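# Fold and geometry: a report
Next come the chains, spelled out residue by residue.
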Amino acid sequence: MFFCIRIAQMTSYAYKFRQVGFVTSALQSEDSMSIFEKNHKVTFLIFGAVLLLVGCEQSQIDTKETVSRPVKLLQVEQTPSTSTYRYPGSVSSVKEAVLAFEVPGKVIKLHVKEGDFVKQDTVLAEIDDRDYQAQLDSAKSDLIVAKSDFQRYEKALKADAVTPQAFQQAKRNLEVAQAAFNQADKALTETKLIAPFAGRVVTREIDFFATVHAKQPIMQLHSESAYEMVVSVPESDWAQGERVNSAADIKLDNQLFVTLTAFPDKRFEGKITEFSGQADAATRTYKVKVAFSVPDKTPISSGMTGHAIYLSSNESTNILSIPLDAIVGNSDNSAFVWLYDPINGQVTKKSITIGNITEQTVNVLSGLKVGDVIAVSGVHSLYDGYPVYPMKD
């Protein structure tokens, strides 16, 4: 390098000397032959220096070599043909209940608010029970009298003091009194709204001191132990399934999943628990419920949206499938991959014909065979003959 710099400096000096020589020779009265010899020598010096410089630059270019780089490699294999079906739907709890009082009255106590999680048998609300307590007390008194009359008539019948008809009437009176007591006792119990299972209060329709009617919706309670997604399956897809006696006969292990919009990177394994027996008259679809379980503390709630994903596998048809990241596009919209040669450690361009494209893979119809090794990382910075070596995991 230092030698080349010195040559460049000498060339610059020679060029300046040539210019000075022309001026000097014009001022002085030398003969034309002397001037020609001087100019010829200077020109020859400049030309030689230029050749040396070109040689230096060429030597620097020749010393640059392409450095081998690590890339992720993949061996092409055959996989069963898989079709993916996606059905949008919404999440609902497997156990949901609309809670209501069985008797009318004025609400005097509300123990929960919307969003509260409650345990089973928790008292959620109460209505004024004074009238129902009075009815129970009255029914209890009537029952005591009826029992006493029945016992008296029973003894009298044994002594032939009363007719059998009179005894039967006393027995019927006791039965009526017992039924009235049971009804009054149940009515008093119904003045308290009890959680039938553990869950979360998703809605509360009343406030304090509101007067409610019997069976008027008061709250909605959703269990968080299990969820399901309700989807609509077109009749064209439904017709591809097999006839079964019930949803319990449908086995789709590792083929049915649920994804949620709120958790796009997670998949929950699903199971069909219920399906409609006939298509909707308007949409020509079948309603299907897909149950799925979620890890503890995963904040999933009813009403979330997502998809039920069904992977239909056809093991009789094998295809070549490679990652979508391995595909490189040409300017004419054709595709190619970088084929790795383990002998010389280089990649070469290999044109392929692609088929079905999924979220992460693409099917290869032609251009590759089983056992080929291709680059799947850094593919946009490679070229024919580029030296590479396998990247360590």
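In what follows, the accompanying structure is described. Computed from a predicted model, the values in this text were never measured in an experiment.

On to helix α4 (residues 164–189). Residues spaced three or four apart along an α-helix face the same direction, because each turn holds 3.6 residues. Its 26 residues place the ends of α4 38 Å apart at the C-alpha level, agreeing with the 38 Å of an ideal helix rising 1.5 Å per residue. Of the positions making up α4, those classed as buried are Phe167, Ala170, Leu174, Ala177, Ala184, Ala187 and Leu188. Contacts made by the buried residues of α4 are with α3 (130–158).

A separate point is the packing of aromatic side chains. On inspection of all chains with the given rule, the structure shows nine aromatic pairs. The interplanar angle of 35 degrees and the centroid separation of 5.4 Å between the aromatic rings of phenylalanine 150 and phenylalanine 167 together place this pair among those described as tilted. Note that phenylalanine 150 is positioned in helix α3 and phenylalanine 167 in helix α4, a separation of 17 residues in sequence. Across the pair, exposure class does not vary: phenylalanine 150 and phenylalanine 167 are buried alike. Measuring from centroid to centroid gives 4.8 Å for tyrosine 383 and tyrosine 386, while their planes differ by 70 degrees, and the two rings are edge-to-face. One aromatic cluster is present, formed by Tyr227, Phe268 and Phe292 through successive ring pairs. For the cation-ring pair, arginine 267 lies above phenylalanine 257, with the distance from its terminal atom to the ring centre recorded as 5.4 Å.

An order of β4-β11-β9-β6 is seen for the four strands of this open sheet, with the pairing classed as antiparallel. The sheet is open, and its two edges are formed by β4 (96–100) and β6 (117–118), each paired on a single side. Sheet topology note: the β4/strand β11 (residues 217–222) ladder contains five bridges and is antiparallel. Bridge pairing in β11 places alanine 97 opposite leucine 221.

What counts and how
- Residues numbered from 1 in each chain as written.
- Predicted model: local features only at pLDDT ≥ 70, side-chain atom pairs only at ≥ 80, totals over all residues.
- Heavy atoms only, no water.
- Helix = DSSP H or I, 4+ residues; strand = E, 2+ residues; numbered from the N terminus.
- Expected span 1.5 Å × (residues − 1).
- Buried < 20%, exposed > 50% of the residue type's maximum accessible area, 1.4 Å probe, protein only.
- Contact = heavy atoms within 4.5 Å.
- Phe/Tyr/Trp six-rings, centres within 6.5 Å; stacked < 30°, edge-to-face > 60°.
- Lys NZ or Arg CZ within 6 Å of the ring centre and 35° of its normal.
- Pairing = 2+ DSSP bridges.

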